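Chain residues, written in single-letter form:
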Amino acid sequence: MRKTAVEFIREFDDFLLIAHVSPDGDTLGSCLALYCALLKLGKRAQIACADPVPKTYRFLPHADRIAAPEDTAPFSCAIAVDCADLLRTGRCAPLLSGAQHTLNIDHHGTNPNFGESNYVEIAAATGELVYHIIRELGLNPDEEMAACLYAALATDTGNFSYRNTTPDTFRIMAELLESGLDLPALNQRLFRTTSLPRLRINALAIDRLELYCNNRLGFCTLSLADLASLGATREDCESVIDIIRDIDTVEVAAFLREGMDGAVRVSMRGKTSADVSRVAQRFGGGGHRLAAGCTIRTTLEEARALLLPELEALLEGEGNAWKES
Ligand code: AMP
Ligand code: MN
Ligand code: MN
């Protein structure tokens, strides 16, 4: 509950904010906005993330202070931000379990309320929950907080285009704009800047696209060798899943990428009604109905063999529901 989160922050004095592995705009923007708010209240705060901050988000205020879990100073309270479950904190998990008090702020429907205190509510982005916390703490978001919250909201809503976008999202946006948000500059950094490796990865992914179920299932796999051959890293693969999803015939999109640890990272998207979080949960992951993910500890080929039938069955179920209605 929101009240629990606000009381948690009022009561204690030093916090570690934890962003999820493979950090995105929501986890980073939400952590940074909350970090700014805590400092304004005269509290001590630091941010930890198991993975480095992707280039796209390094311009965000104070992003350079985000540290690896091994580099954190002592603290008493830990706050997981935008982490669908404990595993999403990665190497930060021991820091969370070692904290005297924990708070879990998240907007994923699959979140099992793993914190001692939990503020888990369906929202467009965790940034919306952080915005409400900041207001209830009696603060007005300043320009820095607004930039961070904008990064959170704009990325998780696909630029305010996904179904999770609500009137509340736009009310928050109106207030952020009033605090002096530089919309064109932020959009330039967040959405209008790409790199050659990223473009080349997109080209390779299109080349490797597989289509099943009458072209309703779009599927793509990339190996570490593929990435290395183009001088690309994990963050260069971020738009692949959107490219597959945007194909007109595709209802369900899946992108499988071999990680540095050899495990397979899976991103899935639904377009209308297919609930991809059900498939993600079957493999120990989670997320939202139309955007979910999981990690499968097998080879790429084995992961493909495991996932394809599940996705086909999901689409067949959808097809039947369609026929019945
Ligand atoms: P992604 O495909 O990485 O953009 O993730 C889509 C959504 O699923 C995001 O909201 C993620 O937070 C969530 N998600 C991705 N991977 C996992 C996982 N292994 N466990 C739980 N949630 C995940
Ligand atoms: Mn996230
Ligand atoms: Mn999120």
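Throughout what follows, the structure given in this document is the object of discussion.

Reading the values: rules and limits
Residues numbered from 1 in each chain as written. Chains lettered and ligands numbered in written order. Predicted model: local features only at pLDDT ≥ 70, side-chain atom pairs only at ≥ 80, totals over all residues. Heavy atoms only, no water. Disulfide = S-S within 2.5 Å. Buried < 20%, exposed > 50% of the residue type's maximum accessible area, 1.4 Å probe, protein only. Phe/Tyr/Trp six-rings, centres within 6.5 Å; stacked < 30°, edge-to-face > 60°. Near = heavy atom within 4 Å. Polar contact = N/O pair within 3.5 Å; in protein donor to acceptor, adjacent residues only side chain to side chain. Areas by Shrake-Rupley, 256 points an atom, 1.4 Å probe, with all protein chains shown as cover. Helix = DSSP H or I, 4+ residues; strand = E, 2+ residues; numbered from the N terminus. Nonpolar A, V, L, I, M, F, W, Y, C, P; charged D, E, K, R; others polar. Axes fitted to C-alpha atoms, helices over the stretch in contact; angles between N-to-C directions. Parallel < 35°, antiparallel > 145°, perpendicular 65-115°, else oblique. Left-handed = near helix turned anticlockwise from the far one by under 90°. Contact = heavy atoms within 4.5 Å. Salt bridge = Lys/Arg side-chain N within 4 Å of Asp/Glu carboxyl O. Pairing = 2+ DSSP bridges. Right-handed = clockwise from strand over helix to strand, strands pointing away. Donors = N, O, S within 2.8 Å, 3.2 Å for Na, K, Ca; no water. Core = buried A, V, L, I, M, F, W, Y, C linked by side-chain atoms within 4.5 Å. Lys, Arg positive; Asp, Glu negative; His and termini not counted.

## Looking at the state of the cysteines
Any covalent bond linking the sulfur atoms of two cysteines counts as a disulfide. Taken as a whole and judged by the stated rule, the model has zero disulfides. Distance from the sulfur of C220, which forms no disulfide, to the nearest cysteine sulfur (C237) is 9.0 Å. For C220, a relative accessible area of 0% corresponds to the buried category.

## Points about the packing of aromatic side chains
This model, assessed by the stated rule, comprises five aromatic pairs. Plain terms: the ring middles of F8 and F12 are 5.2 Å apart, the flat faces sit at 70 degrees to each other, and that makes the pair edge-to-face. Neither residue differs from the other here; F8 and F12 are each classed as buried. For the pair F160 and F170, a centre-to-centre distance of 5.8 Å together with 40 degrees between the ring planes defines the contact as tilted.

## Details of the site of ligand 1
Taken together, the neighbourhood of ligand 1 is formed by 14 residues, with H108, S267, R269, G286 and A292 sitting nearest. Within the side chain of H288, an N or O atom sits 3.2 Å from an oxygen atom of ligand 1. Starting from 480 Å² of accessible surface for ligand 1 in isolation, the protein chains cover 81%. Secondary-structure elements contributing two or more residues to the shell around ligand 1 are β9 (264-270), β10 (286-287) and β11 (291-296). For the shell around ligand 1, the leading source of residues is β11, giving four residues. Along the lines of polarity and charge, the residues of the shell around ligand 1 split into four nonpolar, seven polar and three charged.

## A closer look at the packing of helix α4 (residues 126-136) against helix α6 (residues 167-178)
α6 packs onto α4 with a crossing angle of 55 degrees between their chain directions and a minimal axis gap of 11 Å. Here α6 runs oblique to α4, going by the angle between their axes. As for how α4 packs across α6, the hand of that crossing is left-handed. Contacts between α4 and α6 involve E128, Y131, H132 and R135 from the first element and D168, T169, I172, E175 and L176 from the second. Taken together, the residues of the contact of α4 with α6 sort by class into three nonpolar, two polar and four charged.

## Description of the pattern of salt bridges
Tallied over the full model, the rule gives 15 salt bridges. Among the salt bridges present, the one from E301 reaches R304, with a minimum N-O distance of 3.2 Å. In this pair, E301 and R304 both sit in helix α12 (residues 300-324), three residues apart, roughly one turn of the helix. Salt bridges here are not isolated pairs; linked through shared partners, they connect E210, E301 and R304.

## What about the pairing of strand β4 (residues 101-106)?
Judged by how many residues are buried, β4 sits mostly within the fold: five of six residues are covered. As judged from the five bridges shared by strand β3 (residues 77-81) and β4, these two strands associate in the parallel manner. From the neighbouring strand, A78 faces β4, where its bridge partner is T102. Handedness of the crossover joining β3 and β4 through helix α3 (residues 93-98): right-handed.

## Things to note about the coordination of the manganese ion (ligand 2)
Binding of the manganese ion (ligand 2) to the protein goes through H20 (NE2), D24 (OD) and D82 (OD), at separations of 2.1 to 2.3 Å. Spacing between the donor residues of the manganese ion (ligand 2) along their common chain follows H-x3-D-x57-D. Between the two metals, the manganese ion (ligand 2) and the manganese ion (ligand 3), the spacing is 3.5 Å, and D82 donates to both. Here H20 is found in the loop between β1 (14-19) and α2 (25-40), whereas its partner D82 is found in the loop between β3 and α3, with 62 residues between them in sequence. Here H20 falls in the buried class, since its relative accessible area comes to 1%. For D82, a relative accessible area of 2% puts it in the buried group.

## Focus: the sheet that holds β11
With mixed pairing, the six strands of this open sheet are ordered in space as β6-β7-β8-β9-β11-β10. The strands lining the two open edges of the sheet, one partner per strand, are β6 (210-212) and β10. As judged from the six bridges shared by β9 and β11, these two strands associate in the antiparallel manner. Note on β11: the bridge partner recorded for R265 is T295. Relative to strand β7 (residues 217-222), helix α8 (residues 196-208) is tilted by about 125 degrees, and along the sheet it contacts β6 and β7.

## Considerations on the coordination of the manganese ion (ligand 3)
Here the manganese ion (ligand 3) is held by D26 (OD), D82 (OD), H107 (NE2) and D156 (OD), and the distances to it run 2.1 to 2.4 Å. Spacing between the donor residues of the manganese ion (ligand 3) along the chain follows D-x55-D-x24-H-x48-D.

## Description of the nonpolar core
Grouped together as the largest cluster of nonpolar side chains are 57 residues, with contacts concentrated most on L17, L34, I79 and I133. Considering every element that reaches this core, the biggest residue donor is helix α5 (residues 143-156), with 10 residues.

## Description of the side chain of D85
As for its position among the elements, D85 is in the loop between β3 and α3. No salt bridge is formed by the buried D85, whose closest oppositely charged neighbour, R88, lies at an N-O distance of 5.7 Å. Among the polar contacts made by the side chain of D85, one reaches the main-chain amide nitrogen of L87 at a distance of 3.1 Å. Aside from chain neighbours lying at most four places away, what touches D85 is P112, F114 and G284.

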